[in-house]
Every structure is written in C-alpha cells, then in structure tokens.
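A look at the structure
Here is what each chain is made of, one letter per residue.
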Amino acid sequence: MKLETAASQLEALGNATRLTIYRTLVRAGGNGLPVGKLQLKLDIAASTLSHHIQQLSRTGLVEA
C-alpha cells in the first residue's frame, strides 16, 4: 500500500460519521447494504450520507 493512499484513507476515517458508515458496511459483509437501508440504519439525511460515501469512495474504502 502506498503511503499517500493510506494517509488519505486514514484521513477519511478520521470523521466520526464516515467511520460509522465504514464500520456498518464492513459488518454487513461482502454484499454491503443498499444506500436506503444504510440511511435508515444510521438515521442521517440522504445528502449527508451521499457526501460521506463520496469521500469514502474517492479513497477506495467503499465502492458502488
């Protein structure tokens, strides 16, 4: 793993909401969760969830 990649991923996970999203998706397993179910489970606005998922996706931590 490249140092820059690891640093950006750790930076993304430094946000409590993104860390919660990431942990929830890891616990869901390889099939993940539909965004709607994730939103209900975490009780956050769709726009907020979208923003955080984009950040996690940019760093390669999640994929659609």
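Note: the structure precedes this text.
Each chain has its residues counted from 1, running along the sequence as written. In view of the model being predicted, local features appear only for residues whose pLDDT reaches at least 70, and side-chain atom pairs are presented and counted only at 80 or more, with totals across whole chains, interfaces and linings using the full set of residues. Side-chain calculation: all heavy atoms of the structure are included, whereas hydrogens and water are not.

Here the focus is the overall build of the protein chain. Helix and strand assignments come from DSSP, with helices taken as H or I runs of at least 4 residues and strands as E runs of at least 2, each series counted from the N terminus. Across its full length, the protein chain holds 4 helices and 0 strands. N-terminal to C-terminal, the α/β element order of the protein chain is α-α-α-α. The C-alpha radius of gyration computed for the protein chain amounts to 12 Å, which stays within 12% of the reference 11 Å derived for 64 residues, consistent with globular compactness. Here the protein chain holds 64 residues, and 23% of them are scored as buried. Residue contacts are counted whenever heavy atoms from the two residues lie within 4.5 Å of one another. Expressed as a percentage of contacts within the protein chain between residues at least 6 apart in sequence, the contacts between residues at least 24 apart total 49%. Here the Shrake-Rupley method, with its probe set to 1.4 Å, supplies the accessible areas, and only the displayed protein chains count as covering residues. Summing over all exposed atoms, the protein chain offers an accessible surface of approximately 4600 Å²; the carbon and sulfur share of this is 53%. With C-alpha atoms as the basis for the radius of gyration, the globule rule is written as 2.2 Å multiplied by the number of residues raised to the power 0.38. Think of it in three bands: residues with accessible area under 20% of the maximum for their type are buried, residues over 50% are exposed, and the middle band is partly exposed, with areas taken using a 1.4 Å probe on protein chains only.

Attention now moves to helix α1 (residues 3-13). Buried within α1 we find Ala6, Gln9, Ala12 and Leu13. Viewed end-on, α1 has its buried residues packed into an arc of 125 degrees, placing them on one side of the element. Opposite the buried face of α1, at more than 90 degrees from it, the exposed residues are Leu3, Glu4 and Glu11. Those residues of α1 hidden inside the fold are in contact with α2 (16-28) and α4 (46-58). Our arc is simply the arc of the directions from the helix axis toward the C-beta atoms.

With that settled, consider the nonpolar core. Put simply, buried Ala, Val, Leu, Ile, Met, Phe, Trp, Tyr and Cys residues joined by side-chain atoms within 4.5 Å make one nonpolar core. Core analysis: the biggest nonpolar cluster contains 9 residues, these being Ala12, Leu13, Ile21, Leu25, Leu38, Leu49, Leu56, Leu61 and Val62. Sorting the residues of this core by element identifies α1, α2 and α4 as the ones contributing at least two each. Not counting residues within four places of it along the chain, the set of residues in contact with leucine 25 comprises Leu33, Leu38 and Val62.

Before going further, it helps to examine the side chain of threonine 24. Tracing the sequence through the fold places threonine 24 in helix α2. For this analysis, a polar contact is any N or O atom pair within 3.5 Å, provided that within protein one partner can donate a hydrogen and the other can accept it, and provided that sequence-adjacent residues contribute only side-chain to side-chain pairs. In terms of polar contacts, threonine 24 uses its side chain to reach the backbone carbonyl oxygen of threonine 20, at 2.7 Å.

With that settled, the discussion passes to the packing of α2 against α4. Between two packed helices, the angle of one axis relative to the other and the distance separating the axes together describe the packing. Between α2 and α4, whose axes approach to 10 Å, the crossing angle comes to 75 degrees. With respect to α4, the element α2 is oriented roughly perpendicular. Across the interface between the two elements, Thr17, Arg18, Ile21 and Tyr22 from α2 touch Leu49, His51, His52, Ile53, Gln55 and Leu56 from α4. Here the nonpolar group is Ala, Val, Leu, Ile, Met, Phe, Trp, Tyr, Cys and Pro; Asp, Glu, Lys and Arg are the charged ones; every other residue, Gly included, is treated as polar. Residues belonging to the contact of α2 with α4 are distributed by class as follows: 5 nonpolar, 4 polar and 1 charged. The axes used here are C-alpha line fits, helices contributing only the stretch in contact, and every angle between their N-to-C directions lies in the interval 0 to 180 degrees. Here the angle decides the label: under 35 degrees means roughly parallel, over 145 means roughly antiparallel, 65 to 115 means roughly perpendicular, and every other value means oblique.

These figures come from the coordinates and say nothing about function on their own.
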